[in-house]
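Read off the chains here:
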Amino acid sequence: AQTVTQSQPEMSVQEAETVTLSCTYDTSESDYYLFWYKQPPSRQMILVIRQEAYKQQNATENRFSVNFQKAAKSFSLKISDSQLGDAAMYFCAYRRGSNYKLTFGKGTLLTVNP
Amino acid sequence: SAVISQKPSRDICQRGTSLTIQCQVDSQVTMMFWYRQQPGQSLTLIATANQGSEATYESGFVIDKFPISRPNLTFSTLTVSNMSPEDSSIYLCSVEWGAYNEQFFGPGTRLTVL
């Protein structure tokens, strides 16, 4: 079974600084997708970024970028120029290419200090 | 992305009663999902609901406890039956949308069972 591990229960960052959230996963599949979701206190789950396993290039969405290391099964999220609105729980998620089920990690609570 | 609404946004219920949660999407979608997020925990998939077929339940979840309806391509309901305090959670629906079948989430229903 696929598993997703987020080893950092909590992280903090100063406003305008950069922070990296870690995620590792375990799979024997070659076709899969990885995602980062953000859940602020409003509890709305927001898709932050997507990475296809077949792509070598790391995904980027504005201030959010990933470091995808396929051989190491690592998928970290970098947030640059952190803003107060980035404070949230961040979940890493895996989806097998041919199966639509999302498997989530336990989450990392990010605090942004002014 | 698809716009998803849920009703109710929150409710407080008595032990032994049932609550039906509605999920409405502004576009026609094939796949809809129901997740449970227990306090301080990650998301766990309850079931997948395809229009015109029976819902597919994950291990640990049964139809008698969590009956699901999917009458058309824009609407689904999840009922939490014979509730106990252990059912106190946030319940979220999600849909697949877009070229990469990304999952987008509704705002969630916060359920408290006394």
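Up top is the structure these notes are about.
Residue numbers restart at each chain and count upward from 1, following the sequence in its written direction. Each chain takes a letter, starting from A, and each ligand takes a number, starting from 1, following the order in which they are written. Reporting of local features is limited, given that this is a predicted model, to residues whose pLDDT is at least 70; pairs of side-chain atoms are given and counted only at 80 or more, and all residues count toward the totals for whole chains, interfaces and linings. Only hydrogens and water are removed before side-chain values are computed, so all heavy atoms of the structure are retained for them.

Draft legend 1. Here's a closer look at the overall build of chain A. Helical segments are the DSSP runs of H or I of at least four residues, strand segments are the runs of E of at least two, and each set is numbered from the N terminus. Across its full length, chain A carries zero helices and 12 strands. When the helices and strands of chain A are read in sequence order from the N terminus, they spell out β-β-β-β-β-β-β-β-β-β-β-β. The globule rule used here is 2.2 Å times the number of residues to the 0.38 power, and the radius of gyration it is set against is calculated over C-alpha atoms. At 14 Å, chain A has a C-alpha radius of gyration in line with the 13 Å of a compact globule built from 114 residues. Classification of the 114 residues of chain A by burial places 48% in the buried group. Any pair of residues with heavy atoms lying within 4.5 Å of one another is described as a contacting pair. Taking all contacts inside chain A whose residues are at least 6 apart in sequence as the whole, residues at least 24 apart take part in 55%. In these tables, accessible area is a Shrake-Rupley quantity obtained with a 1.4 Å probe, and a residue counts as shielded only by the protein chains included in the view. With an accessible surface of roughly 5600 Å², chain A has 45% of that area assigned to carbon and sulfur atoms. Charge counting treats Lys and Arg as positive and Asp and Glu as negative, with His and both chain ends excluded. The atoms used to mark charge sites are NZ of Lys, CZ of Arg, CG of Asp and CD of Glu. Taking the average place of the 12 positive charges on the side chains of chain A and the average place of its 10 negative ones, the gap between the two points comes to 8 Å. With a 1.4 Å probe rolled over the protein chains alone, any residue whose accessible area is under 20% of its type maximum counts as buried; one over 50% counts as exposed, and the rest are partly exposed.

Draft legend 2. Geometry of the interface of chain A and chain B. Counting residues at the interface gives 21 residues for chain A and 25 residues for chain B. The term buried area denotes the loss of accessible surface (1.4 Å probe radius) that occurs when two parts are joined, taken as the sum for both partners. Roughly 1800 Å² is buried in total at the junction of chain A and chain B, and carbon and sulfur atoms are behind 50% of that figure. A carboxyl oxygen of Asp or Glu within 4 Å of a side-chain nitrogen of Lys or Arg is what we treat as a salt bridge. Counting across the chain A and chain B interface gives two salt bridges. The salt bridge partner of Arg-50 of chain A is Glu-102 of chain B, with a shortest N-O separation of 2.2 Å.

Draft legend 3. The arrangement of the layout of surface pockets in detail. The space that makes up the largest pocket amounts to roughly 500 Å³. Lys-101, Leu-102, Thr-103 and Phe-104 of chain A together with Leu-43 of chain B are, among the 22 residues lining the largest pocket, the residues nearest its centre. Looking at the lining of the largest pocket, the elements that each hand over two or more residues are strand E10 (88-96) and strand E11 (102-104) of chain A together with strand E5 (43-50) of chain B. For the lining of the largest pocket, the per-class residue count stands at eight nonpolar, 10 polar and four charged. Residues are called lining when one of their atoms sits within 4 Å of a cavity or pocket point, these points coming from a 1 Å grid over the protein atoms alone, where a cavity is a set in which a 1.4 Å probe fits but cannot get out and a pocket is an open set with protein on both sides within 12 Å along at least five of seven lines. Grid points are joined across faces, edges and corners, and a volume is the space filled by probe spheres set on the points. Approximately 340 Å³ is the volume attributed to the second largest pocket. Classification convention: Asp, Glu, Lys, Arg as charged; Ala, Val, Leu, Ile, Met, Phe, Trp, Tyr, Cys, Pro as nonpolar; all other residues, Gly among them, as polar.

Draft legend 4. Molecular detail of unusual backbone geometry. A cis amide bond, omega -10 degrees, links Lys-7 of chain B with the succeeding residue Pro-8 of chain B. Summarising the element assignment, Pro-8 of chain B is placed in the loop between strand E1 (4-7) and strand E2 (10-13). Its identity is not glycine, yet Asp-81 of chain A carries a phi of approximately 50 degrees, on the positive side.

Draft legend 5. Examining the sheet that holds strand E7 (residues 68-72) of chain B more closely. All names here are of chain B. The four strands are arranged E1-E3-E8-E7 in an open sheet whose pairing can be described as antiparallel. Either end of the sheet is taken by a strand with one partner, and the two such strands are E1 and E7. Across the sheet, the mean angle separating the axes of adjacent strands is 15 degrees when strand polarity is ignored. Pairs of strands are assigned from DSSP output, requiring at least two bridges between the strands. Here the axes come from fitting lines to C-alpha atoms, over the contacting stretch only for helices, and the angles between their N-to-C directions go from 0 to 180 degrees.

Draft legend 6. Examining the packing of aromatic side chains more closely. For Phe, Tyr and Trp, rings pair up if their centres lie within 6.5 Å, where Trp contributes its six-membered ring, and each pair is then called stacked (planes under 30 degrees apart), edge-to-face (over 60) or tilted (otherwise). If you walk through the whole model with that rule in mind, you get 15 aromatic pairs over all chains. Look at Tyr-33 of chain A and Phe-35 of chain A: their rings are 6.4 Å apart centre to centre, the planes differ by 20 degrees, and that puts the pair in the stacked class. Ring centres 6.2 Å apart and planes at 65 degrees place the aromatic pair Phe-104 of chain A and Phe-105 of chain B in the edge-to-face group. Within this pair, whereas Phe-104 of chain A is found in strand E11, its partner Phe-105 of chain B is found in strand E10 (residues 102-105), the two belonging to separate chains. Exposure class is identical for Phe-104 of chain A and Phe-105 of chain B. Each is buried. What links up through ring pairs into an aromatic cluster is the set Tyr-33, Phe-35, Tyr-37, Phe-91 and Phe-104 of chain A together with Tyr-35, Tyr-100 and Phe-105 of chain B. Positioned above the aromatic ring of Tyr-100 of chain B, the side-chain terminus of Arg-50 of chain A is 3.6 Å from the ring centre. Between the NZ or CZ atom of Arg-95 of chain A and the centre of the ring of Tyr-33 of chain A, over which it lies, the distance is 4.5 Å. As a reminder, the over-ring test applies to NZ of lysine and CZ of arginine, requiring each to be within 6 Å of the ring centre and within 35 degrees of the ring normal.

Draft legend 7. Structural view of the environment of Gln-103 of chain B. Along the polypeptide, Gln-103 of chain B turns up in strand E10. According to the relative accessible area criterion, Gln-103 of chain B is buried, its value standing at 2%. Measuring from C-alpha to C-alpha, the distance between Gln-103 of chain B and Ala-2 of chain B comes to 9.4 Å, with 101 residues separating the pair along the chain. Those residues in contact with Gln-103 of chain B that lie beyond four places of it in its chain are Tyr-37, Tyr-100 and Leu-102 of chain A together with Phe-33, Tyr-35, Ser-94, Val-95 and Glu-96 of chain B.

Draft legend 8. Structural context of the environment of Glu-86 of chain B. Considering the arrangement of structural elements, one finds Glu-86 of chain B in the loop between strand E8 (75-80) and strand E9 (89-97). It is 30 Å that separates the C-alpha atoms of Glu-86 of chain B and Val-3 of chain B, two residues lying 83 residues apart in sequence.

Draft legend 9. Seen up close, the pairing of strand E8 (residues 64-69) of chain A. Residue and element names in this part refer to chain A. The pairing of strand E7 (residues 60-61) with E8 spans two bridges and is classified as antiparallel. Paired with Glu-61 across the strands is Phe-64, a residue of E8. Between E8 and strand E9 (residues 74-79), which pair antiparallel and follow one another directly, the connecting turn spans four residues, one of which, Lys-73, has a positive phi of 55 degrees.

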